[in-house]
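If you want the building blocks of each chain, they are given just below.
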Amino acid sequence: MKILMVAGSLKSIGGIEKYNTDLFNSITKFNHNVILVERFPGKFFAKFVFFLKCIYKFFIYKPDYIICCHINFLPIIYYLRKFKDIQYSVSIYGIEIIPELKPIIKQSINKADKIITISNYTKNLILKKLPNVQNRIFMLKSAINADEFNIEKKDARK
C-alpha cells in the first residue's frame, strides 16, 4: 500500500513528534511504502513549502491512503481530495480539539475514515463536538521505549 503521511517535523523534540515517529516506524515495518511530508518550523515560507510538497507528493506519488498527523493539516487534505477521493485518517491528541473548530476542520474530521486518538479524555472531547464519529475513533496509545524504561524487581532497586 502506498501511504502519504503528513506530519510535523519528526526531528523536533516533543510528545507528538515522538508519537508520529513511532507510528511512521511501525508502518514501515509492515512493508508499506510510506512517503513522509514534514512541516518544519518557521513562518509563512515554511508553511508554503510544506503546502507545495503535499501537493507535489499527492499527484506524483498517487497514494492509496493518507495519514494526517494533526488537525491543522486537514485543510490541505480536504482540498486534495477534490482531485481524487481517497481514504484518510487524522490524529487528534487533545488540546487542539478544545477550542471552537473551523468549519473546514469539522467537515474534514467528519469525512475521515479513521480518527486516531491517544486517550479516553481526548475521545470524549471529540465526541462532545462531533458525536456522529464515534464508530470511527480508534485509540492508539503512546509507546514506551523498553530500552529506556523497564520495571525492576523490588530487590534490584536497593
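Residues numbered from 1 in each chain as written. Predicted model: local features only at pLDDT ≥ 70, side-chain atom pairs only at ≥ 80, totals over all residues. Heavy atoms only, no water.

1. Quick look at the pairing of strand S2 (residues 33–39)
Regular strands show a simple pattern: their side chains alternate between the two faces of the sheet. To be explicit about the condition: Note on pairing: DSSP must find at least two bridges between two strands before they are called paired. Think of it this way: any DSSP run of H or I at least four residues long counts as a helix, any run of E at least two long counts as a strand, and we number them from the N terminus. With its strands directed away from the observer, a crossover is right-handed exactly when the path from the first strand over the helix to the second travels clockwise.
Bridge count for strand S1 (residues 2–8) against S2 is seven bridges, and the pairing is parallel. Pairing of Ala7 across the sheet is with Glu38, part of S2. Viewed along the sheet, the connection from S1 through helix H1 (residues 15–29) into S2 turns out right-handed.

2. Focus on the pattern of salt bridges
Condition: Any Lys or Arg side-chain nitrogen found within 4 Å of a carboxyl oxygen on Asp or Glu counts as a salt bridge. Buried, partly exposed and exposed residues are distinguished by accessible area as a fraction of the type maximum, computed with a 1.4 Å probe on protein chains only: under 20%, between the cut-offs, and over 50%, respectively.
By the definition in use, this model includes four salt bridges. Where Lys11 meets Glu38, a salt bridge forms, and the shortest distance between an N and an O atom there is 3.1 Å. Of this pair, Lys11 sits in the loop between S1 and H1 while Glu38 sits in strand S2, placing them 27 residues apart in sequence. Classification of Glu38 by relative accessible area gives buried; the value is 13%. With a closest N to O distance of 2.4 Å, Arg81 and Asp85 form a salt bridge. Among the residues examined, Asp85 registers a relative accessible area of 65% and is labelled exposed.

3. What about the environment of Leu23?
Our working rule: By definition in these notes, contact holds between two residues if any of their heavy atoms fall within 4.5 Å.
Tracing the chain through its elements places Leu23 in helix H1. Of the residues examined, Leu23 reaches a relative accessible area of 13% and is grouped as buried. Put simply, Leu23 and Val90 are 67 residues apart on the chain and 13 Å apart in space, counted from C-alpha to C-alpha. The residues touching Leu23, leaving out its near neighbours within four places in the chain, are Met5, Ile67 and Leu140.

4. Comments concerning the layout of surface pockets
Rolled over the atoms, a probe sized like a water molecule indicates the empty space that remains. This is how it is decided: Here a cavity denotes grid points, spaced 1 Å and computed from the protein atoms alone, that fit a 1.4 Å probe unable to get out, and a pocket denotes an open set having protein on both sides within 12 Å along at least 5 of 7 lines; residues with an atom within 4 Å of a point are the lining. Grid points are joined across faces, edges and corners, and a volume is the space filled by probe spheres set on the points. The residue classification treats Ala, Val, Leu, Ile, Met, Phe, Trp, Tyr, Cys and Pro as nonpolar and Asp, Glu, Lys and Arg as charged. All others, Gly included, are polar.
Volume-wise, the largest pocket comes out at about 410 Å³. Where the lining of the largest pocket is concerned, the elements lending two or more residues are helix H2 (44–61), helix H3 (74–80) and helix H4 (103–111). Looking at side-chain class alone, the lining of the largest pocket contains ten nonpolar, one polar and five charged residues. Estimated volume of the second largest pocket: approximately 280 Å³. Lining the second largest pocket are 14 residues, with Ile27, Tyr65, Ile67, Lys114 and Ile116 sitting closest to its centre. Elements with a minimum of two residues in the lining of the second largest pocket: H1, strand S3 (65–68), strand S5 (114–117) and strand S6 (137–139).

5. A look at unusual backbone geometry
Unlike most non-glycine residues, Asn31 shows phi in positive territory, near 60°. Considering the arrangement of structural elements, one finds Asn31 in the loop between H1 and S2. Judged by relative accessible area, Asn31 falls into the exposed class, the value being 71%. Unlike most non-glycine residues, Lys62 shows phi in positive territory, near 55°. Position of Lys62 relative to the elements: it lies in the loop between H2 and S3.

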